[in-house]
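Structure at a glance
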Amino acid sequence: MVVPKRLEIAFGTKNNKERNTGVVIMGKPMQRKYKNKVNVTCENCINCMYEEHGDMYCDEHEDFAYVYEQFCPTEDYMWCNQKLFKER
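Residues numbered from 1 in each chain as written. Predicted model: local features only at pLDDT ≥ 70, side-chain atom pairs only at ≥ 80, totals over all residues. Heavy atoms only, no water.

1. Thoughts on the overall build of the chain
On a plain count of helices and strands, the chain comes out with two helices and four strands. Relative to its 88 residues, the chain shows a buried fraction of 22%. For the chain, the proportion of contacts with a sequence separation of at least 24, taken over those separated by at least 6, is 30%. (Helix = DSSP H or I, 4+ residues; strand = E, 2+ residues; numbered from the N terminus. Buried < 20%, exposed > 50% of the residue type's maximum accessible area, 1.4 Å probe, protein only. Contact = heavy atoms within 4.5 Å.)

2. Regarding the side chain of H61
Note on placement: H61 falls in the loop between β2 (56-58) and β3 (66-69). On the basis of relative accessibility, which here comes to 16%, the residue H61 falls in the buried class. If we skip the residues at most four places from it in the chain, H61 touches D76 and W79.

3. What about the packing of aromatic side chains?
Any two aromatic rings considered together are summarised by their centre-to-centre distance and by the angle between their planes. For the structure on display, the rule yields two aromatic pairs. Judged by centre distance (6.1 Å) and plane angle (80 degrees), the rings of Y57 and F64 are edge-to-face. What makes F64 partly exposed here is its relative accessible area of 47%. Between Y68 and Y77 the ring centres are 5.5 Å apart and the planes differ by 90 degrees, which places this aromatic pair in the edge-to-face class. By relative accessible area, which is 13% here, Y68 ends up buried. On the basis of relative accessibility, which here comes to 23%, the residue Y77 falls in the partly exposed class. (Phe/Tyr/Trp six-rings, centres within 6.5 Å; stacked < 30°, edge-to-face > 60°.)

4. Overview of the nonpolar core
Core analysis: the biggest nonpolar cluster contains seven residues, these being C42, C48, M56, C58, V67, Y68 and M78. When contributions to this core are tallied by element, the ones reaching two or more residues are β2 and β3. With residues near it in sequence (within four places) discarded, Y68 still touches E43, G54, D55, M56, P73, T74 and Y77. (Core = buried A, V, L, I, M, F, W, Y, C linked by side-chain atoms within 4.5 Å.)

5. Concerning the side chain of D55
Position of D55 among the secondary structure elements: in the loop between β1 (48-50) and β2. Among residues more than four places away in sequence, those in contact with D55 are M49, Y50, Y66, Y68, E69 and Q70.

6. Side note on unusual backbone geometry
Most peptide bonds take the trans form, and the phi angle of most residues other than glycine is negative. Within the chain, H53 stands out as a residue other than glycine whose phi angle is a positive 55 degrees. Within the secondary structure, H53 is located in the loop between β1 and β2. The backbone of F64 sits at a positive phi, close to 50 degrees, despite the residue not being glycine.

7. Brief notes about the sheet that holds strand β4 (residues 72-73)
Taken in spatial order, the four strands line up as β1-β2-β3-β4 in an open sheet, and their pairing is antiparallel. The open sheet terminates on both sides in strands that have one partner only, identified here as β1 and β4. (Pairing = 2+ DSSP bridges.)

See the structure below:
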């Protein structure tokens with residue numbers, strides 16, 4: 001097998017020929033894994049229901065507590081601390 005001189009210089013195959021070890025085998029390229037960054041909020045939860053005039057309540061809360069009143073978060077906003085969060 002003929003190796004071009006550029007590869008001999010770059011990968012050091014010239015020295016390998018002297019050792020009679022053959023051609024340099026390159027490894028596989030590294031695969032990168034990307035995580036999907038999702039904002040975990042009450043609005044994205046399947047248990048959060050829109051009522052009217054900007055009011056939203058949670059189905060999983062015992063008293064169906066409002067998490068939004070007139071588009072503003074209330075005390076019960078994120079009351080479950082993402083434990084009952086189910087993405088829509």
